[in-house]
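Overview (structure and organization)
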Amino acid sequence: MSEHKVYPVPESFQNARIDREQYEAMYRASIEDPETFWAEQARQRLDWIKPFSKVKDVSFARDDLHIRWFEDGSLNVAYNCIDRHLAEHAEQTAIIWEGDDPEQSRHISYRELHEQVCRLANALKARGVRKGDRVTLYMPMIPEAAYAMLACARIGAIHSVVFGGFSPGALANRIVDCQSSVVITADESVRGGRTVPLKRNVDEALKSDDVTTIETVLVVKRTGGDIDWQDGRDVWYHEAIEAVEADCPPEEMNAEDPLFILYTSGSTGKPKGVLHTTGGYLLYAAMTHELVFDYRPGDIYWCTADVGWVTGHSYIVYGPLANRATTLMFEGVPSYPDNARFWQVIDKHQVNIFYTAPTAIRALMRDGDGPVKSTSRKSLRVLGSVGEPINPQAWEWYYHVVGDGRCPIVDTWWQTETGGILITPLPGATDLKPGSATKPFFGVQPALVDTDGNELEGATNGALIIKDSWPGQMRTVYGDHERFYQTYFATFDNVYFTGDGARRDEDGDWWITGRMDDVLNVSGHRMGTAEIESALVAHEAVSEAAVVGFPHDVKGQGIYAYVTLTAGFEPSDELIGELSQWVRKEIGPIAKPDYLQFAPGLPKTRSGKIMRRILRKIAENDYSNLGDTSTLAEPGVVDDLIGNRMNR
Ligand code: WT7
């Protein structure tokens, strides 16, 4: 079994900043005396306006749930990501932008970044945006996305980035939830040679009667494509930034002032607005970025995520820029113009650190070694993986073919909620096991519990919890602190419940086994089954729907939807197509079901609860072990579903 294969720290990493002994000593110190440990890190790594005197004030208790780090200190995130680097490194490249079209790329220096961010910050102020106001970003992967995040941070506005692949409806919901006053977008985005009508989607979202707060739509001209225009509301980005000063003093922010909201799917209801604050978040993003990737001055670092996800926030923008890194931002897709694009970009920009998702690795692996071998990749030193468990086969291919057996792979486990990486190897300190996220980062205390919350010792499986806070932890669900408690702290007392299951092996290495709730991970994108179900039942033909995941070779998990039709509608291939398109339109392309099965009835308990365990088995084509079906209200529906499934 490849599971037991161990790849020791390579020779070339024996002198890395953190070796095994340092890891162990520092880890121990971080757990035994977190206050001293984090105070030192925070003083070393960040520039404070007003130094903090309190380090940590945390309670996970129901009636007193609060998480505060460095609470009497003040600082500005944009200052830490830009201004403090200017004195000696203004001409260093901050962002390398690689366009969808391989002919297009640009280098943006820290000096230029400063001017762009200041101008946009002033433009936002000129449109009335003040500290604490919310600004929604719905953007392509262009430098303006990073400028916009940092411009908000500079003036203390709270950004909410909505992934550019979400539908107008999903965008509208997210605007309504945070009551933002500005949307920053572009005319169109470009991916894989095709355009996506971002501005048109914004127009449609803003038509919703529920959206009442938007005063300004700032539009970046990316393609020059045809768009509608509403005078007074719509403003060209390039005109707005020309009309203002090139300097904007950073706003003094308390360490616990909000930095951003990022919506993520849960097992029930609408997406949650995960709220991250200023000091702890930035410290954690910066520290993990430096140590997990063994970032060294001069390195070219590339994370392939989209800024619409937390990975883009922490590991394209905030962590790297706080560390004065050169961060590469890629507008395109791995398969355009051809499936060697990633490797070509690595050679073109001499990338040293490359961070991507297992789904991309699996998709590229299917094309064989040829496209990889057509490139050099000699510049690579560290490889990273994020978003879902990486299967050992994909790990081995990534290691041997992409990395030529030279580069450690850091399999980084974390979540939108955690702000940064919690379980991961460190390149110079950790022996690697394909498929294992290995060891906790400093200050992180993972543990396993059984369903009653009893802590489990030794090599075993269980629910993954974190016993104490770390600075990057989310602080609340925006506008719904009770939901924050219910989602993460109600299942098990006084610990953070991750929603994931995990296994700890004999060596104390951690293996994430996947979500324990009704959250799917489709190509590294998090999707709530409940969201897809409510999209389906919003269609007139659907009276009831149940969505489950099933193993998918490339996506990790695929989406399987069972649909019960309203009286008067008949099953047909046409209707399958229509319903799939419907979900795509309601939520976005990433939510489109891979399979849709008509179900005259769904397996339910006598109290009416849908038995998803059975639906998952049927979706997996595994009928051998359906478990106890005696509690079903109508046991016959299972046979009907299996019959239908087999006939497809
Ligand atoms: C869920 C969080 C972390 C940023 C991107 C996704 C799964 C994430 C790993 C990994 C196994 C992983 C977990 C987690 N996950 N990384 N290295 N190994 N599983 O953030 O959308 O908040 O999703 O992704 O199930 O709970 P997210």
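Given the structure is predicted, the values throughout are model-derived calculations rather than measurements.

1. Description of the site of the ligand
Within the structure, the ligand sits among 23 residues, and Pro-389, Gln-415, Thr-416, Ile-512 and Arg-526 are positioned closest to it. Taken together, the elements giving at least two residues each to the shell around the ligand come down to helix H10 (310-322), strand E20 (409-412), strand E25 (496-504) and strand E26 (510-515).

2. Re the environment of Glu-620
As for its position among the elements, Glu-620 is in the loop between helix H18 (612-619) and helix H19 (636-647). Given 13 C-beta atoms within 10 Å, Glu-620 falls into the partly exposed group. Taking the C-alpha atoms as reference points, Glu-620 and Thr-605, 15 residues apart in sequence, are found 21 Å from one another.

3. Points about the sheet that holds strand E24 (residues 476-477)
Strand order in this open sheet of eight strands is E12-E11-E8-E6-E7-E14-E15-E24, and the pairing throughout is mixed. Edge positions in the sheet fall to strand E12 (234-236) and E24, since each of these pairs with one other strand and no more. Pairing geometry for strand E7 (residues 158-161) and strand E14 (residues 258-264), over two bridges, is parallel. Residue Ser-160 lies in a different strand from E14, and its bridge partner there is Ile-261. Contacting strand E6 (134-138), E7, E14 and strand E15 (272-277), helix H6 (residues 168-178) crosses the sheet at an angle of about 165° to E6.

4. As for helix H12 (residues 358-365)
The buried fraction of H12 is high, at seven of eight residues. Of the residues making up H12, those classed as buried are Pro-358, Thr-359, Ala-360, Ile-361, Arg-362, Leu-364 and Met-365. Buried residues in H12 make contact with strand E18 (353-356), strand E19 (382-386), helix H14 (392-402) and strand E30 (556-565).

5. Comments concerning the UniProt feature "binding site: CoA" (unreviewed entry) in the protein
What UniProt calls "binding site: CoA" (unreviewed entry) maps, in this numbering, to Arg-191, Gly-192, Gly-193, Arg-194, Thr-311, Ser-523 and Arg-584. Spanning 394 residues, the annotated positions stay apart in the fold, the maximum distance between their C-alpha atoms being 24.1 Å. Positionally, Gly-192 belongs in the loop between strand E9 (189-191) and strand E10 (194-196). On the basis of neighbour counts, which here come to 13 C-beta atoms within 10 Å, the residue Gly-192 falls in the partly exposed class. In this view, Gly-192 contacts Asp-100, Gly-332, Val-333, Ser-335 and Tyr-336; residues no more than four positions away in its chain are not counted. For Thr-311, the position within the fold is in helix H10. Contacts of Thr-311, omitting those with residues within four sequence positions, involve Cys-303, Ala-305 and Val-386.

Parameters and conventions
Note on numbering: residues in each chain are counted from 1, in written sequence order. Residue-level local features of this predicted model are given only where pLDDT is at least 70; pairs of side-chain atoms are given and counted only at 80 or more, and the full residue set underlies all totals for whole chains, interfaces and linings. Nearness rests on one distance test: the residue's C-beta atom, set from the backbone, must lie within 6 Å of the molecule or strand. For the purposes of this entry, the term helix denotes a DSSP run of H or I that reaches at least four residues, the term strand denotes a run of E that reaches at least two, and both are numbered from the N terminus. The burial label depends on the number of other C-beta atoms within 10 Å of a residue's C-beta. Counts of 20 or more mean buried, 12 or fewer mean exposed, and intermediate counts mean partly exposed, with C-beta atoms placed from the backbone. A pair of strands counts as paired when DSSP detects no fewer than two bridges linking them. Remark: residues whose backbone-derived C-beta atoms lie within 7 Å of one another are considered to be in contact. Helix axes are fitted only over the stretch in contact, all axes being lines through C-alpha atoms; the angle between N-to-C directions runs from 0 to 180 degrees. UniProt positions are given in the numbering used here, feature names are shortened, and annotations may be inferred rather than shown by experiment.

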